[in-house]
Amino acid sequence: DAEPHVQIRAAEALKRVDRELFKSSAAIRVPIQILKNPDDQIAYRGADLLQKCTDQPDLAVPALIEALRNTNTLVACEAVHALDKFTNQSAVILTPLREAAQRKDMVAGWARSAVKNLEAIEAKRKL
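Reading guide: rules and limits
Residues numbered from 1 in each chain as written. Predicted model: local features only at pLDDT ≥ 70, side-chain atom pairs only at ≥ 80, totals over all residues. Heavy atoms only, no water. Axes fitted to C-alpha atoms, helices over the stretch in contact; angles between N-to-C directions. Helix = DSSP H or I, 4+ residues; strand = E, 2+ residues; numbered from the N terminus. Parallel < 35°, antiparallel > 145°, perpendicular 65-115°, else oblique. Contact = heavy atoms within 4.5 Å. Nonpolar A, V, L, I, M, F, W, Y, C, P; charged D, E, K, R; others polar. Buried < 20%, exposed > 50% of the residue type's maximum accessible area, 1.4 Å probe, protein only.

**Section: the packing of helix H1 (residues 4-17) against helix H4 (residues 40-50)**
At step 1: H4 packs onto H1 with a crossing angle of 10° between their chain directions and a minimal axis gap of 10 Å. The orientation of H1 with respect to H4, classified from their angle, is roughly parallel. Along the contact surface, H1 presents Pro-4, His-5, Ile-8, Arg-9, Ala-11 and Glu-12, while H4 presents Ile-42, Arg-45, Gly-46 and Leu-49.
At step 2: Residues belonging to the contact of H1 with H4 are distributed by class as follows: five nonpolar, two polar and three charged.

**Brief notes about the side chain of Ser-90**
At step 1: Inspection of the secondary structure puts Ser-90 in helix H7 (residues 90-100).
At step 2: On the accessibility criterion, Ser-90 (3% relative accessible area) is buried.
At step 3: Setting aside chain neighbours within four positions, we find Ser-90 in contact with Leu-118, Glu-122 and Arg-125.

**Things to note about the environment of Asn-72**
At step 1: Counting through the fold element by element, Asn-72 comes out in the loop between helix H5 (57-68) and helix H6 (73-83).
At step 2: Under the relative-accessibility criterion, Asn-72 is labelled partly exposed at 24%.
At step 3: Along the primary structure Asn-72 and Ala-43 are separated by 29 residues, whereas in three dimensions their C-alpha atoms are 9.7 Å apart.
At step 4: Excluding anything up to four places from it in sequence, Asn-72 contacts Asp-40 and Arg-103.

Interpretation in functional terms is not warranted from these geometric data alone.
Shown next, in the form of structure tokens:
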């Protein structure tokens, strides 16, 4: 379907009904495309769904990092929330989150919180 809201609902439903089919299909590409939508009210939904794709970091994390750099605050904030779920990818996501923490909008505060959370997780792993 060409309608982004329909695409996102279909991807959400597939992930809920059959996680394995979702993982083996191109369904994850739907929220990645949604994330690139110029309408922030649509794009942030892509990040919201990608946070549930921690088992597919190779596809989800680069898309979320790109969204983190989005000039739209809503999209970038949702990317921060999503990236915070990828704790096993901290080596890849800490630098972009630190960069986002330097922004001059509310993304900075959320990014600082995510960095703090991920650094604490990393410290526990090293013990």
